[in-house]
Amino acid sequence: ILTSFVTPINADENIEGYVFVLHDITEQQELENMRKEFVANVSHELRTPLTTIKSYTETLLNADVDKAFIDKFLGIIDKEVDRMVRLVKDLLLLSRMDSNGKLKLESVNLNKFVEDIIQNLKIEMEKKNQILSLSLKDAKKNVNIDKDKMEQVIINIVANAIKYTPEGGCIRVYTDYDEEAAYIIVQDNGIGIPEKDLSRIFERFYRVDKGRSRELGGTGLGLSIAKEIVEAHKGEINIESEIDKGTVVKIILKYN
Ligand code: ADP
């Protein structure tokens with residue numbers, strides 16, 4: 001990491017040379033920093049709903065509130081508990097990936113696999129009047145995947161497309177194949193991602209808009225989990241996006 005840069009100039013005002021001062025952060029230190037940041041993020045993500053729950057239960061216990069208020073407060077508490085359950089589920093998934101990275105690979109017809117998953121997500125799209133277009137090319141070969149883990153990837157990506165696309169928007173899911181790989185592509189015409197955020201979008205807990213993500217039930221872990229799983233399959237995942245135009249996520253799975 002470059003920490004300072006000096007340009008000494010001699011009496012004739014000519015540049016004599018450059019001095020770079022380099023500061024070396026070892027890999028271990030970097031890992032330690034990442035671990036600390038992760039723990040801080042997890043604590044924060046858990047503390048926020050806990051604080052909300054605590055303040056609502058206190059009010060319910062202490063104040064003489066009528067039935068309408070009780071229902072409203074219980075609804076909020078219920079929503080916050082759901083958020084924590086989702087977060088803990090995602091954290092457990094990450095922890096299992098870390099400690100037991102082994103995949104249960106099996107040969108799978110990707111079209112059928114994708115179609116079944118999308119079938120289950122259709123209800124969420126219908127709730128937002130979103131139009132689904134599913135197009136499955138003729139498969140050249142089966143792919144070797146861990147079905148449970150790859151299902152999680154597709155769910156995370158399509159759930160994002162649903163979350164970040166307004167009512168009445170379009171979501172296109174398609175498969176494609178060439179000699180080397182199979183492709184799953186999820187395209188939406190939603191809010192898009194600003195260019196400055198694109199390079200960091202796969203980091204754990206990175207969100208473009210924390211408030212919006214939370215409001216929509218996001219944990220900030222969906223894309224990082226997807227990336228870890230795809231990379232464990234020696235595949236690739238990439239994202240292209242334009243603000244207010246939409247987003248395209250491409251998953252590439254090589255046959256070998
Ligand atoms: P989250 O739980 O917040 O959705 P993710 O890791 O799944 O977390 O995604 C990280 C961030 O990337 C989101 O908070 C959102 O800002 C952005 N994002 C992901 N997918 C899309 C999409 N299809 N359209 C717009 N923004 C997206």
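The coordinates are above.
Residues numbered from 1 in each chain as written. Predicted model: local features only at pLDDT ≥ 70, side-chain atom pairs only at ≥ 80, totals over all residues. Heavy atoms only, no water.

One can describe the packing of helix H2 (residues 67-99) onto helix H7 (residues 222-232) by two numbers: an axis separation of 11 Å at closest approach and a directional angle of 25 degrees. Viewed along their axes, H2 and H7 adopt a mutual orientation that is roughly parallel. The handedness of the crossing between H2 and H7 is left-handed. On the side of H2, the interface is formed by Asp90, Leu93, Leu94, Met97 and Asp98, while H7 contributes Ile225, Glu228 and Ile229. Taken together, the residues of the contact of H2 with H7 sort by class into five nonpolar, no polar and three charged. (Axes fitted to C-alpha atoms, helices over the stretch in contact; angles between N-to-C directions. Helix = DSSP H or I, 4+ residues; strand = E, 2+ residues; numbered from the N terminus. Parallel < 35°, antiparallel > 145°, perpendicular 65-115°, else oblique. Left-handed = near helix turned anticlockwise from the far one by under 90°. Contact = heavy atoms within 4.5 Å. Nonpolar A, V, L, I, M, F, W, Y, C, P; charged D, E, K, R; others polar.)

Attention now goes to the site of the ligand. Every one of the 20 residues lining the ligand counts as a neighbour, but Tyr164, Ser213, Thr219, Gly220 and Leu223 are closest to it. Ser213 places a side-chain nitrogen or oxygen 2.5 Å from an oxygen atom of the ligand. One of the backbone nitrogen or oxygen atoms of Thr219 is found 2.8 Å away from an oxygen atom of the ligand. Relative to its free-state accessible area of 530 Å², the ligand is covered by the protein chains to the extent of 97%. Elements that contribute at least two residues to the shell around the ligand include exactly helix H4 (147-163) and H7. Among the elements that line the shell around the ligand, the one with the most residues is H4, at three residues. (Near = heavy atom within 4 Å. Polar contact = N/O pair within 3.5 Å; in protein donor to acceptor, adjacent residues only side chain to side chain. Areas by Shrake-Rupley, 256 points an atom, 1.4 Å probe, with all protein chains shown as cover.)

With that settled, the discussion passes to the packing of helix H1 (residues 27-62) against H2. It is at 9 Å that the axes of H1 and H2 come closest, and there the two elements cross at 160 degrees. Considering the angle they form, H1 stands roughly antiparallel to H2. Like other packed secondary-structure pairs, H1 and H2 cross with a definite hand, here left-handed. The residue inventory of the contact of H1 with H2, partitioned by class, reads 19 nonpolar, three polar and three charged.

Attention now goes to a nonpolar patch on the surface. There is a patch of nonpolar side chains on the surface, built from Ile15, Tyr18, Phe20 and Leu22 and spanning about 480 Å² of accessible area. Relative to the assigned elements, Leu22 resides in strand E2 (residues 19-22). (Patch = residues over 30% accessible without salt bridge, like charges linked within 9 Å, V, L, I, M, F, W, Y side chains within 5 Å. Salt bridge = Lys/Arg side-chain N within 4 Å of Asp/Glu carboxyl O.)

This part covers the pairing of strand E7 (residues 181-188). Across the eight residues of E7, seven count as buried, placing the element largely inside the fold. As paired strands, strand E6 (residues 170-177) and E7 are joined by seven bridges and run antiparallel to one another. In the sheet register, Thr175 faces E7, and the bridge partner there is Ile184. Hairpin connection, E6 to E7: the antiparallel pair is bridged by three residues. (Buried < 20%, exposed > 50% of the residue type's maximum accessible area, 1.4 Å probe, protein only. Pairing = 2+ DSSP bridges.)

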